[in-house]
Amino acid sequence: MTVMDAALRESLKALRLSGMLETLDARLAQAHGGELGHLDFLQVLCQDEITRRETVAFQRRLQRAKFEQQVTLEEFDFTASSKLPAAQIRDLGALRWLHAGESVILFGPVGVGKTHIAQALGHLAVRQGAHVRFAKTSRILADLAGGHADRTWDKRIRELVRPDVLVLDDFAMRQLSAAQADDLYELVSERQGRSLIITSNRAPSDWYPLFPNPVVAESLLDRLINTSHQVIMNGPSYRPNKRPRNPTDKTK
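Conventions and cut-offs
Residues numbered from 1 in each chain as written. Predicted model: local features only at pLDDT ≥ 70, side-chain atom pairs only at ≥ 80, totals over all residues. Heavy atoms only, no water. Helix = DSSP H or I, 4+ residues; strand = E, 2+ residues; numbered from the N terminus. Rg over C-alpha atoms; globule rule 2.2 N^0.38 Å. Contact = heavy atoms within 4.5 Å. Areas by Shrake-Rupley, 256 points an atom, 1.4 Å probe, with all protein chains shown as cover. Lys, Arg positive; Asp, Glu negative; His and termini not counted. Charge placed at Lys NZ, Arg CZ, Asp CG, Glu CD. 1 Å grid on protein atoms, 1.4 Å probe; cavity = no way out; pocket = protein on both sides within 12 Å on 5 of 7 lines; lining within 4 Å. Points joined across faces, edges and corners; volume = space filled by probe spheres on them. Nonpolar A, V, L, I, M, F, W, Y, C, P; charged D, E, K, R; others polar. Core = buried A, V, L, I, M, F, W, Y, C linked by side-chain atoms within 4.5 Å. Buried < 20%, exposed > 50% of the residue type's maximum accessible area, 1.4 Å probe, protein only. UniProt positions renumbered as here; feature names shortened; annotations may be inferred. Expected span 1.5 Å × (residues − 1). Salt bridge = Lys/Arg side-chain N within 4 Å of Asp/Glu carboxyl O. Axes fitted to C-alpha atoms, helices over the stretch in contact; angles between N-to-C directions. Parallel < 35°, antiparallel > 145°, perpendicular 65-115°, else oblique. Left-handed = near helix turned anticlockwise from the far one by under 90°. Pairing = 2+ DSSP bridges.

Student: Would you explain the overall build of the protein in this entry?
Tutor: Tallying secondary structure elements over the protein gives eleven helices and five strands in all. Taking 18 Å as the expected radius of gyration for a compact globule of 252 residues, we find that the protein reaches 24 Å, considerably beyond that expectation. Along the first, second and third principal axes, the C-alpha set of the protein runs to 75 × 60 × 35 Å. Long-range pairs, those at least 24 residues apart, make up 79% of the contacts in the protein with a sequence separation of at least 6. Surface summary for the protein: the accessible area is close to 14400 Å², and the carbon and sulfur share equals 52%. Within the protein, one finds 34 positive and 30 negative side-chain charges whose respective centroids are separated by 5 Å.

Structure below.
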């Protein structure tokens, strides 16, 4: 290592350009070998730093999303059922709904892959630079209820309003209390113009009776449903296809 190389390395450390530092030896070798001119050397080093920063930012967004599983749309088996609306789901993968501030509702029986698709769409959004949060609806409601108890409700709902995409998994599983219905109303109202992805075992038309106050139900659900892309996912359970095979199982 020359004195100049050592000085460059120290400068990169001082400027916190670790992406350049990590690839410096390889780039210097290319430069010394005549593969890179002066401007090429600088450009490639800058691109190394940009790539590192983009990777770190992506990993940070992915961690904050709190997905249950790291799944993608590319790995979903659309051949599992001929009843799955594959073309509609793939179209959602273009994320036009996200850029328009619209929402997505995935509904159908247990096990058809709704949560996989919801997380996969969220993963695509993360890859495009969006901030995403995934959670079971019951946990969201419990968290907001805790905010009423310790007077941190405003802070907690702000954290749920902030992400570009909020995934509410297992929505409308059971009858809601008046307080839960009010919290959902506030959450959806505050997130107006920001996307939701909702999964549910019930069709949206069956959500209304779960709310104790019909006025709240109409105000909340009409606003939500009318600004959402609705995807009916039907067919046999997708979960057996994901179950690890036992080596002793006989192929049928």
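Now, onward.
Student: What's the story with the layout of surface pockets in this structure? I'm lost.
Tutor: The gaps left among the atoms become clear once a water-sized probe is rolled over them. There is about 250 Å³ of room inside the second largest pocket. When contributions to the lining of the second largest pocket are tallied by element, the ones reaching two or more residues are α3 (38–65) and β2 (132–136). Across the lining of the second largest pocket, the residue classes tally to three nonpolar, one polar and six charged.

Student: What am I meant to see in the nonpolar core here?
Tutor: Core analysis: the largest hydrophobic core is formed by 32 residues, its most contacted members being W97 and I197. Contributing elements (two or more residues each) for this core: α3, α4 (86–92), α5 (96–99), β1 (103–107), α6 (114–127), β2 and β3 (165–169). Broken down by element, this core gets its largest block of residues, seven residues, from α6. Those residues in contact with W97 that sit more than four places away from it in its chain are L92, E102, V104, L121, V165, S195, I197 and H229.

Student: Teacher, can you tell me more about the UniProt feature "domain: AAA+ ATPase" (unreviewed entry) in the protein here?
Tutor: Per the UniProt record, "domain: AAA+ ATPase" (unreviewed entry) is annotated on residues 100–231. For residues 100–231, the helix share is 47%, the strand share is 19%, and the end-to-end C-alpha distance is 18 Å.

Student: It is not clear to me how α6 should be interpreted in this structure. Could you clarify?
Tutor: It helps to recall that an α-helix has 3.6 residues per turn; residues three or four apart then point in one direction. Its 14 residues give α6 an end-to-end C-alpha distance of 20 Å, which sits within 8% of 20 Å, the value for a rise of 1.5 Å per residue. Of all the 14 residues making up α6, twelve are buried; the element is thus mostly covered by neighbouring parts of the structure. At the exit of α6 stands G129, carrying a positive phi of roughly 100°.

Student: Sorry, what's going on with the pattern of salt bridges here?
Tutor: Any two side chains of opposite charge can pair, given that their charged atoms come close. The tally for this structure, following the rule as stated, stands at eleven salt bridges. Among the ionic pairs, D169 bridges to K136, the shortest N-O distance being 2.4 Å. Residue D169 is located in strand β3, and its partner K136 is located in strand β2; the two are separated by 33 residues in the primary sequence. Of the two residues, D169 and K136, neither departs from the other in class, the shared state being buried. In this structure, D143 and R156 form a salt bridge, with 3.1 Å as the shortest nitrogen-oxygen distance. One end of the pair, D143, is in helix α7 (residues 137–150); the other, R156, is in helix α8 (residues 153–161), and 13 residues separate them in sequence. Each of E68, K136, D169 and D170 takes part in salt bridges that share partners, so that together they form one network.

Student: Which parts of the structure should I look at to understand the packing of α8 against helix α9 (residues 178–190)?
Tutor: Angle between the axes and distance between the axes: these two values describe a pair of packed helices. Across the interface, α8 lies against α9 with an axial gap of 9 Å and an inter-helix angle of 50°. With respect to α9, the axis of α8 lies oblique. As α8 packs across α9, the resulting crossing turns out to be right-handed. Packed against α8, whose contacting residues are W153, I157, L160 and V161, the element α9 presents D183, E186, L187 and E190 at the interface. Tallied by class, residues from the contact of α8 with α9 come to five nonpolar, no polar and three charged.

Student: I'm lost on the environment of G113 in this one. Help?
Tutor: Looking at the secondary structure, you find G113 in the loop between β1 and α6. A C-alpha to C-alpha distance of 13 Å links G113 and E68, two positions 45 residues apart in sequence.

Student: How should I be thinking about the sheet that holds β1 in this particular structure?
Tutor: Where strands meet in a sheet, backbone hydrogen bonds hold them as pairs that are either parallel or antiparallel. Taken together, the five strands give an open sheet; going across it, the order is β2-β3-β4-β1-β5, and neighbouring strands pair in parallel fashion. This sheet does not close on itself; its edge strands, each paired only once, are β2 and β5 (228–232). Each strand axis lies, on average, 15° off the axis of its neighbour in the sheet, ignoring direction. Inspection of the sheet shows β3 paired to strand β4 (residues 195–200) by four bridges, in the parallel sense. Directly across from V167, in β4, lies its bridge partner I197. Packed on one face of the sheet, α6 meets β1, β2, β3 and β4 and runs near 165° to β4.

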